[in-house]
Amino acid sequence: MTQASQASVTGVPSGAPVDKDKRNWIVATCAVGGAGVAAVAVPFVSTFQPSERAKATGAAVEVDISALKPGEKMTVEWRGKPVWIVNRTPAQLAELPKLDPLLADPKSQRNLPDWTPAYARNETRSIKPETLVVVGICPHLGCSPSDKFQTGAQPSLPDDWEGGFLCPCHGSTFDMAGRVYKNKPSPDNLEVPPHMYLSDSKLLIGEDKKA
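How each quantity is defined
- Residues numbered from 1 in each chain as written.
- Predicted model: local features only at pLDDT ≥ 70, side-chain atom pairs only at ≥ 80, totals over all residues.
- Heavy atoms only, no water.
- Disulfide = S-S within 2.5 Å.
- Helix = DSSP H or I, 4+ residues; strand = E, 2+ residues; numbered from the N terminus.
- Buried < 20%, exposed > 50% of the residue type's maximum accessible area, 1.4 Å probe, protein only.
- Core = buried A, V, L, I, M, F, W, Y, C linked by side-chain atoms within 4.5 Å.
- Pairing = 2+ DSSP bridges.
- Axes fitted to C-alpha atoms, helices over the stretch in contact; angles between N-to-C directions.
- Contact = heavy atoms within 4.5 Å.

Participant: I'd like a rundown of the state of the cysteines, residues and numbers included.
Facilitator: By definition, a disulfide links two cysteine residues through a covalent bond between their sulfur atoms. Going through the model one piece at a time under the given rule, you end up with one disulfide. Disulfide partner of Cys143: Cys169, at an S-S distance of 2.3 Å. The chirality of the disulfide connecting Cys143 with Cys169 is left-handed, given an S-S dihedral of about -115°. Separated by 26 residues along the polypeptide, Cys143 in the loop between strand E4 (131–135) and strand E5 (146–148) and Cys169 in the loop between strand E6 (164–166) and strand E7 (173–174) bring together distant segments of the chain. The class of Cys143 is buried, set by a relative accessible area of 16%. Taking the relative accessible area as the measure of exposure, Cys169 reaches 40% and is therefore partly exposed. Its sulfur unpaired, Cys138 is 3.9 Å from the next cysteine sulfur, which belongs to Cys167. On the accessibility criterion, Cys138 (2% relative accessible area) is buried. Residue Cys167 is classed as buried on the basis of its relative accessible area, which comes to 2%.

Participant: I'd like a description of unusual backbone geometry, backed by residues and values.
Facilitator: Unusually for a residue other than glycine, Arg79 sits at a positive phi of about 55°. Along the polypeptide, Arg79 turns up in the loop between strand E2 (73–78) and strand E3 (81–87). Its relative accessible area of 45% is what places Arg79 among the partly exposed residues. Of note, the phi angle at Asn183 is positive, near 60°, even though the residue is not glycine.

Participant: I'd like a description of the nonpolar core, backed by residues and values.
Facilitator: Counting residues in hydrophobic clusters, the biggest one holds 18 residues, and the most contacted among them are Val86, Val134, Phe165, Phe174 and Leu190. Among the secondary structure elements, those contributing two or more residues to this core are E3 and E4. Counting residues in hydrophobic clusters, the runner-up holds 13 residues, among them Val63, Val83, Val135 and Leu203.

Participant: Please set out the sheet that holds strand E1 (residues 61–64) residue by residue, giving values where relevant.
Facilitator: An order of E1-E9-E8 is seen for the three strands of this open sheet, with the pairing classed as antiparallel. At either end of the open sheet lies a strand with only one pairing partner, and these are E1 and strand E8 (195–199). Within the sheet, the average angular offset between the axes of one strand and its neighbour, ignoring direction, is 30°. Taken together, the four bridges between E8 and strand E9 (residues 202–205) define a ladder with antiparallel strand orientation. For Ser199, the partnering residue across the bridge sits in E9 and is Lys202.

Participant: Summarise the environment of Gly164; cite the residues concerned and give the values.
Facilitator: Looking at the element boundaries, Gly164 is found in strand E6. Between the alpha carbons of Gly164 and Met176 there is a distance of 4.4 Å; along the sequence they are twelve residues apart. Setting aside chain neighbours within four positions, we find Gly164 in contact with Ser146, Asp147, Lys148, Phe149, Phe174, Asp175 and Met176.

And the structure:
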């Protein structure tokens, strides 16, 4: 590097005594400025998806359900809770109206409007009949129920069981719409979280402005 170019970098005339403190300050400033550019770029990219901390505090979660086949369930996390998405079969849907006399709250009228949004206050408790979206936590003591989609007699279930969920802690049972049966410990149906469809194959859990 020539003396002229050195002077342009350090700001010190060629041949003059070098102020080490000033030189160190200039170098440090340049380094911080470069790091600042990188720091700006990272948050910009990360805004396209919510961070894990944002998800835990309630940020909406986008879910692709295109691979979910009839009779299958997938689980996603929202606000630290498991949210179940079930693609119900035509046979499972056909049984729901027949179960009303056996259920504690068949029309989902309790704890309105937070527990069951208006768009899920129907026989299927859903926006689209085939797709159930519920929080997988029993309202009794916060246990997580087990899938019991198979019909018929099974341990801890009635002989005429039509499929649904069983809470193993205290025996609460729920149908394929997450509605609790009568005379069970759970005081409510499974919660339906706010949600909306972004497309036929994408759900947004945590927001329902367009629902």
